[in-house]
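# An overview of the molecular structure
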Amino acid sequence: MLKIWGRVNSINVQKVMWTVAELNVPHTRVDAGMAFGVVGTPEYRALNPNGRVPTIDYDGFVLWESNTIVRYLYARHGPARTLEESYAAEKWMDWVLATLAAPVTTAFWQLIRTPAEKRDDGAVAAAVEQAADAFKIADDALASQPYLSGRALSMGDVPLGCFVHRWLNLPVERPAHPNITRYYERLQSHPAYRQHVMIPLS
Ligand SMILES: N[C@@H](CCC(=O)N[C@@H](CS)C(=O)NCC(=O)O)C(=O)O
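Model, not experiment: these values are computed from the prediction. (Residues numbered from 1 in each chain as written. Predicted model: local features only at pLDDT ≥ 70, side-chain atom pairs only at ≥ 80, totals over all residues. Heavy atoms only, no water.)

In the vicinity of the ligand, the contacting residues are Arg7, Ser10, Asn12, Gly33, Met34, Arg52, Val53, Pro54, Glu65 and Ser66. Between the ligand and Glu65, the relevant distance is 2.7 Å, taken from a nitrogen atom to a side-chain nitrogen or oxygen of the residue. Taking 500 Å² as the accessible area of the ligand by itself, protein coverage stands at 78%. Here the shell around the ligand is built from residues that sort into three nonpolar, four polar and three charged. (Near = heavy atom within 4 Å. Polar contact = N/O pair within 3.5 Å; in protein donor to acceptor, adjacent residues only side chain to side chain. Areas by Shrake-Rupley, 256 points an atom, 1.4 Å probe, with all protein chains shown as cover. Nonpolar A, V, L, I, M, F, W, Y, C, P; charged D, E, K, R; others polar.)

Set out below in structure tokens:
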């Protein structure tokens, strides 16, 4: 049986929860992180020395790093793929980590998890500009195909799909990215996305 540790409002946990629901993998989930604690206990640190979420234990195989967990679950339970299909998805997963995650996360933490009087407006403005530039790259890619690595949803869509929900629900002015907007609508046709990713930002 698959066991997942992590609170549901963590974007990295959402990647895993969306994946297990999308692939119909039986699982249990334990709240952990932030107000739930757990991540500081010696037992948890023995599983994940980073003290972060998510962590999984799948029949005794322990794994952390959300993108790696998504890759593992798709390899174990996802549809068969060619090498090229796999790497087309891998590219976007790494791109989100390397290029998109930091500015969206800065804007999210400033606007959603920082009291107004403590906010750094300059940091928000810089992060929003950087995120908008990065989203333009994904917007261009989605002009010619419905999903990031082709005609069907794949693991390559999981990190971006989670960040798209955050980005489009932040209280900021953002440039129009029509293909990203259509992509967000398309993702909403997946019940697992609606259930695990489309939750209010907190
Ligand atoms: N690179 C790691 C990052 C993990 C991470 O930073 N998780 C955050 C939540 S999104 C966390 O554990 N925060 C501390 C907490 O929840 O207590 C991954 O993708 O799994």
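In this model, helix α3 (residues 66-77) (twelve residues) spans 16 Å end to end at C-alpha, consistent with the 16 Å of a helix rising 1.5 Å per residue. Residues of α3 that are buried in the fold lie against β1 (2-5), α1 (11-22), β3 (55-58), β4 (61-64), α4 (83-112) and α6 (157-168). (Helix = DSSP H or I, 4+ residues; strand = E, 2+ residues; numbered from the N terminus. Expected span 1.5 Å × (residues − 1). Contact = heavy atoms within 4.5 Å.)

Moving on: the packing of aromatic side chains. Working definition: an aromatic ring pair is given by the centre-to-centre distance plus the angle between the planes. What the rule picks out here adds up to eight aromatic pairs. Ring centres of Phe61 and Tyr72 lie 5.1 Å apart, and the angle between their planes is 55°; on these two criteria the pair is classed as tilted. A residue pair is termed long-range when its members are at least 10 positions apart, and Phe61 in strand β4 and Tyr72 in helix α3 qualify at eleven residues. Judged by relative accessible area, which is 38%, Phe61 ranks as partly exposed. An aromatic cluster is present here, built from Trp18, Tyr184 and Tyr193 joined pairwise through their rings. For Arg76, the ring lying beneath its charged end belongs to Tyr58, and the centroid distance is 3.6 Å. Across the ring face of Trp167, the terminal group of Arg174 is positioned such that the distance to the ring centre comes to 5.7 Å. (Phe/Tyr/Trp six-rings, centres within 6.5 Å; stacked < 30°, edge-to-face > 60°. Buried < 20%, exposed > 50% of the residue type's maximum accessible area, 1.4 Å probe, protein only. Lys NZ or Arg CZ within 6 Å of the ring centre and 35° of its normal.)

Moving on, we come to the sheet that holds strand β2 (residues 27-30). Across a sheet, strands are paired by hydrogen bonds formed along the backbone, either parallel or antiparallel in direction. Ordered by their spatial adjacency, four strands build an open sheet running β2-β1-β3-β4, and the pairing between neighbours is mixed. This sheet does not close on itself; its edge strands, each paired only once, are β2 and β4. Strand-to-strand twist in this sheet, taken as the mean axis angle between neighbours without regard to direction, amounts to 20°. Of the pairings in the sheet, the one linking β1 to β3 comprises four bridges and is antiparallel in character. Counted as the bridge partner of Lys3 is Asp57 from β3. In the packing of α1 onto the sheet, the strands contacted are β1, β2 and β3, and the crossing angle to β1 comes to about 155°. (Pairing = 2+ DSSP bridges. Axes fitted to C-alpha atoms, helices over the stretch in contact; angles between N-to-C directions.)

All right, on to unusual backbone geometry then. Here the bond from Val53 into Pro54 is cis, since omega is 5°, no more than 30 degrees from zero. Tracing the chain through its elements places Pro54 in the loop between α2 (42-47) and β3. One non-glycine residue, Asp59, lies in positive phi territory at about 55°. Tracing the sequence through the fold places Asp59 in the loop between β3 and β4. Using a relative accessible area of 52% as the deciding quantity, one classes Asp59 as exposed.

Before going further, it helps to examine the packing of α1 against α6. The contact between α1 and α6 brings their axes to 9 Å, and the two run at 125°. When the axes of α1 and α6 are compared, the pair comes out oblique. α1 and α6 meet at a crossing whose hand is right-handed. Between α1, through Ile11, Gln14, Lys15, Trp18 and Thr19, and α6, the contact on the second element is made entirely by Asp157, Val158, Pro159, Gly161, Cys162, Phe163 and Arg166. Its residues placed into classes, the contact of α1 with α6 shows six nonpolar, three polar and three charged. (Parallel < 35°, antiparallel > 145°, perpendicular 65-115°, else oblique. Left-handed = near helix turned anticlockwise from the far one by under 90°.)

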